Amino acid sequence: MTVALIAGQGDLPPHLANILARRGKHPLVYELEQFPSSISNNIARTRFRLEHFGSFLENLRALKVRHLCMAGSMKRVPVNPALVDAATMPLIPRLKTGLAKGDDGTLRMFIEIFEERGIEVIGAADIDPELLPAAGIVNGPLPDGIENEVNVAMSALSEMALKDLGQAVVVRNAKIAQREDENGTDAMLQKEIPKSAMAEIPDVTRLIGEENLENAVLRISCIRGEYIDNINGILFKAPKPGQEMRADMPLVGIATAINAALAGLSGIVVEAGGVMVLNRALVRRLLESLGMFIWVMPRGRHER
């Protein structure tokens, strides 16, 4: 099975590309010109512009691609009429309508276009099912009042779903402290990090990248002790009701864990079957070492 991977930014596309390569199924990697991925140079990549989307589709057909995965973060970019090629011109009205919708509506439009051409869109978890952790407490005791925090979070996500925006919230003392917007979960969490601690993020991330976990934990612990008076609250992340999961399943990774820790949160709650956890063992070790928890909440436990 040849898989075309439209790779956005973040750690997920390199993970999927490496998984496929290890299986001997080297993916055809494509990137939007404005959002190059961090996939290593030893994997061939082809860049394209949305103004050449029709030509991109013709290329997929010529290569007899039957499966495609969209992974990584990308922002919507305006279509430049001067750059539209002949193959894309018939698609322009549809692209403009789709891009004017929210995130979910935009992705559904692209999926429909691919499927009309006989290309099955698969999710990242179809490539690596290990990305989806089973329900249960992954580590750490749950704090008192967690049910109230979760109920508040679920209610907020239902409201956010009406605007097709956001998959995560920060809850403190049973009140919404932050809501995710188009800038993503990590940007939301960084609004909760004391400004004096923001400069520490690159050094902590570097230590994690070098797998120097003990020193990273020590540094984060010092930051939490120095800049944060009260450790409390949760990051809650779950799919929006009716969300298109193949192209936009929520994700938690090591960067999210670092930001949640520096924001002074007690832990992370995600919905089982609806949120991927990348580098799960490392995320678990980091949080556990900091006295934080991650709870994979059973799906359907709370009504939205």
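This report concerns the structure included in the present document. (Residues numbered from 1 in each chain as written. Predicted model: local features only at pLDDT ≥ 70, side-chain atom pairs only at ≥ 80, totals over all residues. Heavy atoms only, no water.)

1. A short note on the nonpolar core
Grouped burial of nonpolar side chains is what soluble globular proteins tend to show. In this structure, Ile-208, Ile-268 and Leu-286 are the most contacted members of the largest nonpolar core, which totals 38 residues. For this core, the secondary structure elements donating two or more residues are strand S7 (168-172), helix H7 (185-190), helix H9 (201-209), helix H10 (213-227), helix H12 (254-262), strand S11 (267-271), helix H13 (280-289) and strand S13 (293-297). Looking at which element gives the most residues to this core, the answer is H12, with six residues. If you look at the next biggest cluster of nonpolar residues, it comprises 30 residues, including Met-109, Phe-110, Ile-111 and Ile-119. (Core = buried A, V, L, I, M, F, W, Y, C linked by side-chain atoms within 4.5 Å. Buried < 20%, exposed > 50% of the residue type's maximum accessible area, 1.4 Å probe, protein only. Helix = DSSP H or I, 4+ residues; strand = E, 2+ residues; numbered from the N terminus.)

2. With respect to the sheet that holds S11
Spatially, six strands are ordered S6-S13-S11-S9-S7-S8 in an open sheet, and the strand pairing comes out mixed. Either end of the sheet is taken by a strand with one partner, and the two such strands are strand S6 (136-139) and strand S8 (175-179). Taking the axes of each pair of neighbouring strands and ignoring which way they run, one obtains an average angle of 25° across the sheet. Together, S6, S11 and S13 form the strand contacts of H13, whose direction differs from that of S6 by roughly 75°. (Pairing = 2+ DSSP bridges. Axes fitted to C-alpha atoms, helices over the stretch in contact; angles between N-to-C directions. Contact = heavy atoms within 4.5 Å.)

3. Structural notes on unusual backbone geometry
Phi angles above zero are rare outside glycine, and Lys-64 is one such case at about 60°. Within the fold, Lys-64 resides in the loop between helix H2 (53-62) and strand S4 (67-71). A residue is classified by how much of its surface remains accessible, and Lys-64, at 65% relative accessible area, is exposed. Positioned with a positive phi, Ala-174 is a non-glycine residue whose angle comes to about 60°. Residue position: Ala-174 is located in the loop between S7 and S8. For Ala-174, a relative accessible area of 32% gives the class partly exposed.

4. Section: the packing of aromatic side chains
What describes a pair of aromatic rings is the distance from one ring centre to the other and the angle between the planes of the rings. All told, the structure shown has six aromatic pairs when counted by the stated rule. Taken together, a centroid distance of 5.9 Å and an interplanar angle of 35° make the contact between Phe-53 and Phe-56 tilted. Residue Phe-53 and its partner Phe-56 are located together in helix H2, separated by three residues, close to a single helical turn. Comparing Phe-53 with Phe-56, the two get one shared label, buried. Three or more aromatic residues joined by ring pairs make a cluster, and in this case those are Tyr-30, Phe-48, Phe-53, Phe-56, Phe-110 and Phe-114. (Phe/Tyr/Trp six-rings, centres within 6.5 Å; stacked < 30°, edge-to-face > 60°.)

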